[in-house]
Each structure stands twice: as C-alpha cells, then as structure tokens.
Amino acid sequence: MVLQEISVIFTHRPSAFSAAVLLLTLVLCRGKSHLVCPSQVVAMMGDDVVLPCQLKLAVDTNSETVNWIKPGLDPNVVHLHLDGQLVFENQHPSYHFRTRVFEDELIKGNVSLKIFKVKLSDEGTYRCSIPWIREEASIVLTVGSASTPIIKVMSVVSSRVVLQCESAGWYPEPELLWLDGEGKLLSAGPTETLRGPDDLYTVSSRVTVEKRHSNNIICRVQQRNTNQSRETHIHVPGNNDSHSETVVFYHKHILMKVCLMFGKLPALCMASLCYPW
C-alpha cells in the first residue's frame, strides 16, 4: 500500500522525491499528528491575524495543494493554494483579497494563513488540509473588540456622589466592575447591557460613593475570553477639597471683575487667571 501511494506521487509529480519521503515517513508513523496548529487564536476586530500551521517535517509545499476552509460557509473555501498560486473561483466572497499564505515559507512546510482586517463574521472554526499527505487540523478563531470606558458625575447630594460608567463597542459581551483606589470591589447598581445592530455591546452601571479625601474610583470593563481589559480613573474630592475649589473659584471670579474694569484683559490678568492657586 505504501509503495502504491509513493508510486502515485512520482507519477503525478516526478520531481517530488521529498514528498514521497515524507509520505513514507507519515505512513510508518500512523496515529501521530504531523500538522501542528494551535487550538485557538484570538484577534481584535480590524487587526490582521495569522492562523499558524506547520508541518513537523520541513517539506516544500509551494507546488502542492493547501486548502483552508471554514465549515458552515457556502462555499466554504477561505483560501486554496494550488500549483503555486491562489485559486479565486471557489473562494468565499467575504475573503476576497483578504487572505494569503507565506509563499516564501511554504518550502519549509509553513502553511499558515493570514487574514487581513478581521471582522466579527470571521469568528469560527477554520480547517487546514493538505490532501496529498492526508493531513488536516482545526483552529478556532475568536474575534474581540474593546474600548475605554467613560465616567460621568450624575449628581452630588450632601456627602454622596453618583457616578455612571459607560463603555461601547465590546465583543464578546464584557463585565463591568467598580473598584476603589486599593482595587477592592465596590457595591454598585446592576450592569445594563445593550447589543447594537453591529453586534457590539454597550455596558453601563452606576455607583454611589462618599466624599473623602483622596477618594479614587476605578471603572474597569473586561472580557476574559479575549483577555481584554480597559479602565478609567476618577478622583472624588472630599469636603475639604471641595471647599478649597470653591474658594479658588471665588478668588478668580473677583479677579475677573477687576480686570474687566480696565476694558481689556491685560496679559498679567490672563496669567493670574490661569495660575493654579
């Protein structure tokens, strides 16, 4: 059986001595995987991503068939490398001009696929197959999206401040956390989650904090599957800090009136108004 397979190779590719040697090696080592690929790859939306796949034995695959498909698509071909070039005929339209193999690396058995400007729709399972050695392997591509949260002061009542944090443009769905300056979780209201027509998530939440000196508050939004985390800090001044800010504002307000009495604002007045009291 082995000799028959090798004979077929020489019949169709007389110069493919290395391929025949590889096939003989693979047959003698049945039950072992010779196409090494990671099980999962994570990419951020809009970035380029490489789905790495490598033959353990460095054999020239440039003139051979390397087929990348995505099960479930119609047609399911993502990239077909045949006789040294990309075949467009059966490629799914969403991947036109967005894929490539590393042709200078094919001679070393590197059959990795690069996808340009990743979309959310690219997420899923990809399968690499090399028919002439009867090898295939699968990779799961996870696509993520993240953005920095924004904190707003919603209200100030007595010694309490209500803050709202919102972050839009996430995928998959993230979680939102409120933390104090020491990184401890704060008790906050429930997180509201909205999913837009672009399939991206927006999350928001409110928290009430006490005015205290050096009261630093953190809003953190994170997504564990894509290992993405973004956070924003805000300082909530204590009562003494608030009083000082009011006094500074009062002094600047009086200075403004004095300067306006001259009809113009001299450079000295402008400098004084900008001075960090």
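Residues numbered from 1 in each chain as written. Predicted model: local features only at pLDDT ≥ 70, side-chain atom pairs only at ≥ 80, totals over all residues. Heavy atoms only, no water.

In the annotation of an unreviewed UniProt entry, the protein is listed under the name Ig-like domain-containing protein and assigned to Oreochromis niloticus. Checking UniProt for the protein, the heading Sequence similarities (unreviewed entry) contains the comment "Belongs to the SKINT family." UniProt lists a comment for the protein under the heading Subcellular location (unreviewed entry), and it reads "Membrane". (UniProt positions renumbered as here; feature names shortened; annotations may be inferred.)

K.L.:
Explain the sheet that holds strand E2 (residues 40-44) to me, please; I cannot follow it from the model alone.
P.N.:
Sheet strands pair by backbone hydrogen bonding; their relative direction is either parallel or antiparallel. Ordered by their spatial adjacency, six strands build an open sheet running E2-E11-E10-E5-E6-E7, and the pairing between neighbours is mixed. Pairing within the sheet leaves two strands with one partner each, and these edge strands are E2 and strand E7 (85-86). Summarising the sheet, strand E6 (residues 77-82) and E7 pair through two bridges and their orientation is antiparallel. The partner of Leu82 across the bridge, within E7, is Gln85. (Pairing = 2+ DSSP bridges. Helix = DSSP H or I, 4+ residues; strand = E, 2+ residues; numbered from the N terminus.)

K.L.:
Teacher, can you tell me more about the pattern of salt bridges here?
P.N.:
Two side chains bearing opposite charge may form a pair once their charged atoms approach each other closely. Scanning the entire structure with this criterion turns up seven salt bridges. The residue Arg98 makes a salt bridge to Asp122 at a minimum N-O spacing of 2.5 Å. Of this pair, Arg98 sits in the loop between E7 and strand E8 (99-101) while Asp122 sits in the loop between strand E9 (113-115) and strand E10 (124-130), and the two are 24 residues apart along the sequence. For Arg98, a relative accessible area of 10% gives the class buried. With its nearest N and O atoms 3.7 Å apart, the salt bridge here joins Glu105 to Lys108. The exposure class assigned to Glu105 is partly exposed, which follows from its relative accessible area of 25%. Looking at Lys108, the relative accessible area reads 45%, which means it is partly exposed. (Salt bridge = Lys/Arg side-chain N within 4 Å of Asp/Glu carboxyl O. Buried < 20%, exposed > 50% of the residue type's maximum accessible area, 1.4 Å probe, protein only.)

K.L.:
Please clarify how the sheet that holds strand E14 (residues 175-180) should be interpreted in this entry.
P.N.:
The antiparallel open sheet is built from three strands, whose spatial order is E14-E17-E18. Of all strands in the sheet, those bounded by a partner on one side alone are E14 and strand E18 (228-236). For this sheet the average axis-to-axis angle between neighbouring strands, irrespective of direction, equals 20 degrees. As paired elements, E14 and strand E17 (residues 215-223) share six bridges and run antiparallel to each other. Looking at E17, one finds that Leu176 is bridged to Val221. (Axes fitted to C-alpha atoms, helices over the stretch in contact; angles between N-to-C directions.)

K.L.:
Looking at this structure, I do not really get the nonpolar core. What am I missing?
P.N.:
The nonpolar side chains of a soluble globular protein tend to be buried with one another. Leu35, Leu51, Trp68, Leu163 and Trp178 are the most contacted members of the largest nonpolar core, which totals 46 residues. Counting the residues that make up this core, at least three belong to each of domain 1 (34-144) and domain 2 (146-237). (Core = buried A, V, L, I, M, F, W, Y, C linked by side-chain atoms within 4.5 Å. Domains from an automatic or database assignment.)

K.L.:
What should I look at first to understand the state of the cysteines in this one?
P.N.:
In a disulfide, the sulfur atoms of two cysteines are covalently bonded to one another. Evaluated as defined, the whole model comprises two disulfides. The disulfide that involves Cys37 links it to Cys53, with 1.6 Å between the sulfurs. Every disulfide takes its handedness from the sign of the S-S torsion; for Cys37 and Cys53 that torsion is 95 degrees, giving right-handed. Remark: Cys53 occurs in the loop between strand E3 (49-51) and strand E4 (54-55) and Cys37 occurs in the loop between strand E1 (35-36) and E2; sequence separation between them is 16 residues. Cys53 matches Cys37 in its accessibility class, with the two residues each being buried. The residue that forms a disulfide with Cys165 is Cys219, at a sulfur-sulfur distance of 1.9 Å. Between Cys165 and Cys219, the S-S torsion sits near -80 degrees, and that sign places the bridge as left-handed. With a gap of 54 residues between them, Cys165 in strand E13 (residues 160-170) and Cys219 in strand E17 connect regions that are remote in the sequence. The same class applies to Cys165 and to Cys219, which are both buried. With no disulfide partner, Cys128 has as its closest neighbouring cysteine sulfur the one in Cys53, 4.5 Å distant. Of the residues examined, Cys128 reaches a relative accessible area of 0% and is grouped as buried. (Disulfide = S-S within 2.5 Å.)

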